Amino acid sequence: MIRLIINGQPSTATAQQKGVFVLNGKPVFYTKKKVADTHRSLVAQLGQARPAKPMGGNIAMMLIWTFAHPKDCKQKQETVWHNKRPDIDNLVKGVLDALRPAGWIEEDSRICAILALKQYGPKPSLIVEAKPAEDISRYAE
């Protein structure tokens with residue numbers, strides 16, 4: 001199993017936030033600087049917990065984003081669901097895209113199971129955990 005806790009407010013930039021301009025009457029899409037910076041930072045942070053050999057086989061992932069409570073929240077000491085943007089599927093894609101270049105996994109198509117949570121809490125962070133999918137196969141029965 002590989003586990004990393006990245007303390008601090010998680011980035012809300014996602015790969016779906018593409019930029020576009022028109023060149024010769026045709027749209028040209030590009031990756032925005034904030035999105036590229038977020039990807040590079042995530043790869044570097046994940047690389048700090050890189051295993052000696054990238055995981056192969058079937059992989060199960062657990063991803064937990066904990067964001068700081070908004071200013072108007074009355075439950076600042078509790079953990080409550082985060083039901084605003086960014087969408088959880090876009091956050092997941094950003095992390096999964098960083099796992100291979102960070103040296104965690106051989107191929108992202110080997111990820112067979114994902115548990116992803118998005119919440120507000122008193123300690124903002126991102127928890128990333130990867131383990132063999134066989135460890136959770138009993139849930140598939």
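Quick caveat: nothing in here was measured; it's all calculated off a predicted structure. Numbers given for residues are sequential positions, taken from 1 along each chain in its written order. Local features in a predicted model are, by the rule used here, given only for residues with pLDDT of at least 70; side-chain atom pairs are given and counted only at 80 or more, and totals for whole chains, interfaces and linings are based on all residues. In computing side-chain values, all of the structure's heavy atoms are included and hydrogens and water are not.

Draft legend 1. Quick peek at helix H1 (residues 33-47). With 15 residues, H1 extends 21 Å between its outermost C-alpha atoms, agreeing within 8% with the 21 Å of an ideal straight helix rising 1.5 Å per residue. Among the residues making up H1, those that are buried are Val-35, Leu-42, Val-43, Leu-46 and Gly-47. Within H1, the buried residues cover an arc of 130 degrees as seen down the axis, which keeps them to one side. Away from its buried face by more than 90 degrees, H1 exposes Lys-33, Lys-34 and Arg-40. Here a residue-residue contact requires only that any non-hydrogen atoms of the pair lie within 4.5 Å. Secondary structure elements are taken from DSSP: a helix is a run of H or I of four residues or more, a strand is a run of E of two residues or more, and numbering for both begins at the N terminus. Elements in contact with the buried residues of H1: strand S1 (2-7), strand S3 (26-31), helix H2 (88-99) and strand S7 (125-132). Between the first and last residue of a helix there are one fewer steps than residues, each counted as 1.5 Å, and that sum is the expected span. Only protein chains enter the accessibility calculation, which uses a 1.4 Å probe. A residue is then buried if its area is under 20% of the maximum for its type, exposed if over 50%, and partly exposed in between. The arc in question is the one traced by the directions running from the helix axis out to the C-beta atoms.

Draft legend 2. Inspection of the sheet that holds strand S4 (residues 59-67) at higher detail. Pairing between strands requires that DSSP locate at least two bridges from one strand to the other. Taken in spatial order, the five strands make up an open sheet running S1-S7-S4-S6-S5, and their pairing is mixed. At either margin of the open sheet sits one strand with a lone partner, and together these are S1 and strand S5 (80-81). Across eight bridges, S4 lies against S7 in antiparallel orientation. Considered in S7, the bridge of Ile-59 is made with Pro-132. The axes are straight lines fitted to the C-alpha atoms, using for helices just the contacting stretch, and the angles between their N-to-C directions are given from 0 to 180°. Sheet strands touched by H1: S1 and S7. Its angle to S1, the strand with the most contacts, is close to 125 degrees.

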